[in-house]
Structure formats: structure tokens, C-alpha cells
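Topology and contacts: notes
Here's the letter readout for the chains.
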Amino acid sequence: MISFIDKGQGRSLLVLPGWGFDPYVFDIKALSYDLVLPKRPIFDPFDKLSQALKGLSGQQISVIGWSLGAVVALKMVEKWPHLFVKVILASYPAPFPQKVINEKILEVEKEKDRALRGFYLEVFGKTMKHYRKFKKEHEKRCLSFWKKDELVNGLRQLAEKTKIPDFQVETLIIHGKKDTISPVELLPKSLLKGADKTIFLDCGHMILWEKDLYEAINKL
């Protein structure tokens, strides 16, 4: 279910990727944490994951979720507030219109890889240099990370209105000012109000390759 990278940091970070991506799209080397990386997409129920995380005895555990991963991270923190010490929500998405989700589900069911490749282009937008890097170094691995039913499950979660919990852990929100997939103006006000700190970066939805993102995470 998970793999563990021991960097000798004495604190762990669970890394949850966005829809259609895998954890290694993050700059793994730039994170000053021991890393907990899912081998498959993670959705509720989280019971098996909970047991695995509790096995990290003596480790402080934080979680970062990007896009769909941020939605999953928020659900985890709500369910187990005492398991995590910090939560980072990157590019948190507001619920997508059901019509948009239904259209994407049809695309996935018709031809999964083609649907994902189209989505990757949307995520990178005009930053073609980054898109070419992704296509060369990450695309093949990300395509194989997700099964068709997992993609459909993730899409359905992106249509749901997520309950914003009363935060009991330190919370950091990081969002791109130019994000067209999850626009800043659609961030839930209750989420912004409950966070300890919010940082806006000069980028779009693909926030994972921004140096400032890792500086903010490592300072926590």
C-alpha cells in the first residue's frame, strides 16, 4: 500500500498526488522529510493506511495533498485529527460541476490513457517546457499508476462538496494565483478562515515544480 523513504529527518510526510498523477511528480529530493508514498491511489476507507501510519513509531506525521490529493488529505485529517501534526493543501479544488465530471467519466471509460493525456495538457496550460519535461520523465509512470475504476472514483469525489472540519492540526494552504483548473476565487471561505497560513504563488495548477512550494513545506 505504501513505501517509505528514510532520509533521517525524524519526521514523516505522506504525499498524496492529484487525479491522474503519482507521488513522484513531486520533487522528492527537495522535501526535508522522511517520505510515505502510496503505491496506489488512496481513497476512504483509510483503515489499512491508518494502521501503516501508526506503525511509524516515534515519527511526527504530516500530510500534503495536491488537487484531488488535497481533498483526500482533508478527509483523513477530519477522520484522524490526532494522527497528523500538520496538513498542507496545495491547489485545493472546489467541487466541479456534475456535467463536467460526467463528461470526463465518459472520456475515461472510452479510452483511459487518451483522457489522461488531454487532462495533462490542461494542467500544464501554456507552460510547454514543463509539459515536455513531464511527458518525457513522468507520463508513462503516471498513466500506469491509475486504473480506470480509480479514475472514476476520483472524479466522483471531485464533484462532492467536501466538509471543512474544525482544524485541530497546523494547516497550510498553497495555491497558484493563475490556477484555471481550481481558481483562487473558488476556494471555500471556511477553508481559508480555518487555515493557519495561506500562500499564493505566481503559477497555475501545476504548483509542484515551484521552488517556493518546497521552501514553505520544509519550514513547517
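Residues numbered from 1 in each chain as written. Predicted model: local features only at pLDDT ≥ 70, side-chain atom pairs only at ≥ 80, totals over all residues. Heavy atoms only, no water.

**A short note on the confidence of the model for the chain**
What counts here: Per residue, pLDDT measures the predictor's confidence, with a range of 0 to 100. Secondary structure follows DSSP: runs of H or I at least 4 residues long count as helices, runs of E at least 2 residues long count as strands, and numbering of each begins at the N terminus.
For the chain, the average pLDDT comes to 92, and 99% of its residues sit at 70 or higher. When mean pLDDT is taken per element in the chain, helix H6 (residues 139-145) scores highest with 98 and helix H1 (residues 47-54) scores lowest with 78.

**What to know about the sheet that holds strand S7 (residues 197-201)**
For the record, the criterion: Two strands are counted as paired when DSSP detects at least two bridges linking them. Every axis corresponds to a line fitted to the C-alpha atoms, with the helix fit spanning only the stretch in contact, and the corresponding angles, defined between N-to-C directions, vary from 0 to 180 degrees.
The sheet built from seven strands is open, its strands ordered S1-S3-S2-S4-S5-S6-S7 with mixed pairing. For this open sheet the edge positions go to strand S1 (2-5) and S7, each flanked by a neighbour on one side alone. Pairs of neighbouring strands in the sheet enclose a mean axial angle of 20°, with direction left out of account. In terms of strand pairing, strand S6 (residues 170-176) meets S7 through five bridges, oriented parallel. Along S7, the bridge assignment pairs Leu172 with Lys197.

**A look at the environment of Val108**
Cut-off, in case you're wondering: Contacts are residue-level and defined by heavy atoms, with any inter-residue pair within 4.5 Å sufficient.
Relative to the helices and strands, Val108 resides in helix H3 (residues 98-110). Spatially, the C-alpha atoms of Val108 and Leu155 are 9.9 Å apart, while their sequence positions differ by 47 residues. Apart from the residues lying within four places of it in its own chain, the contact partners of Val108 are Trp19, Ala115, Lys148, Leu151, Val152 and Leu155.

**Examining unusual backbone geometry**
Rule in force here: Accessibility here uses a 1.4 Å probe with only protein chains present; expressed as a share of the type maximum, an area under 20% marks a residue as buried, one over 50% as exposed, and anything in between as partly exposed.
Even without being glycine, Ser67 reaches a positive phi, approximately 60°. Assessed through its relative accessible area of 8%, Ser67 is described here as buried.

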